[in-house]
Amino acid sequence: MPNIKIFSGSSHADLSQKIADRLGLELAKVVTKKFSNQETCVEIGESVRGEDVYIVQSGCGEINDNLMELLIMINACKIASASRVTAVIPCFPYARQDKKDKVGSRAPISAKLVANMLSVSGADHIITMDLHASQIQGFFDIPVDNLYAEPAVLKWIKENIPDWKTCTIVSPDAGGAKRVTSIADRLNVDFALIHKERKKANEVDRMVLVGDVKDRVAILVDDMADTCGTICHAADKLISAGATKVYAILTHGIFSGPAISRINNACFEAVVVTNTIPQEEKMNHCPKIQVIDISMILAEAIRRTHNGESVSYLFSHVPL
């Protein structure tokens, strides 16, 4: 593919390499370092004049440092006369801060702030995956392609869960109902919902199961898991309601704080995540974690964008 350069930020080099390999390209040269006062410095190591540039940087790890690095890389490419700069952000940072709640009326809408920062730095296009709220696309004045892990999730369920035809797809909260009903419809199975009441952030007070999971395999589906309090509570609720096995399938496995110990102590058969966030270290501490590779979806989105083709095919198909 002519006139294309793919750069990797430092947040997820392994995913960037897989995307480049899939496209049959070499990663373009870039050096990122920090000065002694912790300022980020980026040096683009080759000409990008007139090129179609893609920068892969996920919102994970040292999120603020990685976000700043992405902004500086976009700006460096833009002022070096790149034709178009696309930020490929598999896990969008600050996506949960997307609105003001009734309780904290003075809360920031940080997802909008991040959108503004990306636009001002010079990004022409954003490619991301499973935004926490799809309305975040409207925070941008530039095109945003929000890809879905759903086709890869469906494929994993059919290949790895023998009793999938009689399973129940479960949403651990009301916000994920749309995602769960979509998967349940495409598998032609039942779905259930867990209503949770929170007293404060990251702490769940009470859970109520709406739906039937008795003598069935229950598959919890959500867009992200952070401290894993919700999904571990949900798994206990499903087992006490008569589920035979419980799986969890999550797009973004953040797994911060006590998450790993909670998963190890919970009754999951497997906790399946995509590699939008690096998982190697966490898999060493938790044998229940399994990973779905989504690099081919991102690579195909880059190829289609570069060639001016439609990306909507990827909403319902996994590229071979």
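Quick caveat: nothing in here was measured; it's all calculated off a predicted structure. (Residues numbered from 1 in each chain as written. Predicted model: local features only at pLDDT ≥ 70, side-chain atom pairs only at ≥ 80, totals over all residues. Heavy atoms only, no water.)

### Structural notes on the overall build of the protein chain
Basically, it comes down to this: What counts as a helix is a DSSP run of H or I of at least four residues, what counts as a strand is a run of E of at least two, and both are numbered from the N terminus. Radius of gyration: over C-alpha atoms. The globule rule applied is 2.2 Å multiplied by the number of residues raised to the 0.38 power. Partly exposed residues are those whose accessible area sits between 20% and 50% of the maximum for their type, while under 20% is buried and over 50% is exposed, using a 1.4 Å probe and protein chains only. Only heavy atoms enter the contact rule, under which two residues are in contact if any of them lie within 4.5 Å. Using a 1.4 Å probe, the Shrake-Rupley method yields the accessible areas, and only the shown protein chains count as cover for residues.
Secondary structure assignment for the protein chain yields nine helices and 14 strands. In terms of C-alpha radius of gyration, the protein chain reaches 20 Å, essentially the compact-globule figure of 20 Å for 320 residues. Within the span of the protein chain, comprising 320 residues, buried residues form 52% of the whole. Contacts spanning at least 24 positions in sequence make up 62% of the contacts within the protein chain whose residues lie at least 6 apart. Of the accessible surface of the protein chain, which amounts to about 14,800 Å², a share of 50% is contributed by carbon and sulfur atoms.

### Overview of the pattern of salt bridges
What counts here: A carboxyl oxygen of Asp or Glu within 4 Å of a side-chain nitrogen of Lys or Arg is what we treat as a salt bridge.
One pass over the full model with this rule turns up 16 salt bridges. Here D65 and K34 are joined by a salt bridge, their closest N and O atoms 2.4 Å apart. Note that D65 is positioned in helix α2 (residues 63-79) and K34 in strand β2 (residues 30-34), a separation of 31 residues in sequence. For K34, a relative accessible area of 39% corresponds to the partly exposed category. When the shortest N-O distance is used, the salt bridge between R179 and D222 registers 3.7 Å. Here D222 lies in strand β11 (residues 217-225) and R179 lies in helix α5 (residues 177-187), a separation of 43 residues in the sequence. Under the relative-accessibility criterion, D222 is labelled buried at 10%. Look at the salt bridges and you will find they share partners, linking E300, R303, R304 and E309 into a network.

### Thoughts on the environment of K288
Put simply, the rule reads: Think of a polar contact as two N or O atoms within 3.5 Å of one another; within protein, one of them needs to be a possible hydrogen donor and the other a possible acceptor, and neighboring residues in sequence only count if both atoms come from side chains.
With respect to the helices and strands, K288 occurs in the loop between α8 (280-285) and β14 (289-292). Residues K288 and I260, 28 residues apart in the sequence, show an inter-C-alpha distance of 9.7 Å. Setting aside chain neighbours within four positions, we find K288 in contact with I263, N264, A266, C267, F268, A270 and V271. For K288, the side chain forms a polar contact with the main-chain oxygen of I263, separated by 3.1 Å.

### Section: the domain arrangement of the protein chain
So the rule is basically this: Note: domain ranges come from an automatic or database domain assignment. Put simply, buried area is how much 1.4 Å-probe accessible surface two parts lose in total, over both of them, once they are put together.
The domain boundaries assigned to the protein chain delineate domain 1 (2-146) and domain 2 (148-291). Relative placement of domain 1 and domain 2: their C-alpha centres are 28 Å apart. For the pair domain 1 and domain 2, the two sides together bury roughly 1,300 Å², of which 51% comes from carbon and sulfur. Of all residues in domain 1, R96, M129 and D130 give up the largest surface area on contact with domain 2, accounting jointly for 41% of the area buried on that side.

### A word on the environment of G257
Mapping G257 onto the fold places it in the loop between β12 (245-253) and α7 (259-265). We classify G257 as exposed; its relative accessible area is 71%. The sequence separation of G257 and T244 amounts to 13 residues, and the corresponding C-alpha distance is 29 Å.

### A word on the layout of surface pockets
So the rule is basically this: The pocket and cavity definitions rest on a 1 Å grid over protein atoms only: a 1.4 Å probe that fits but cannot leave marks a cavity, an open set with protein on both sides within 12 Å along at least five of seven lines marks a pocket, and residues lining either have an atom within 4 Å of a point. Grid points are joined across faces, edges and corners, and a volume is the space filled by probe spheres set on the points. Put simply, Ala, Val, Leu, Ile, Met, Phe, Trp, Tyr, Cys and Pro go in the nonpolar bin, Asp, Glu, Lys and Arg in the charged bin, and everything else, Gly too, in the polar bin.
Quantified by volume, the second largest pocket comes out at close to 350 Å³. In terms of lining residues, the second largest pocket is bounded by 21 residues, among which G59, C60, G61, I63 and I254 are the most central. Its residues placed into classes, the lining of the second largest pocket shows eleven nonpolar, six polar and four charged.

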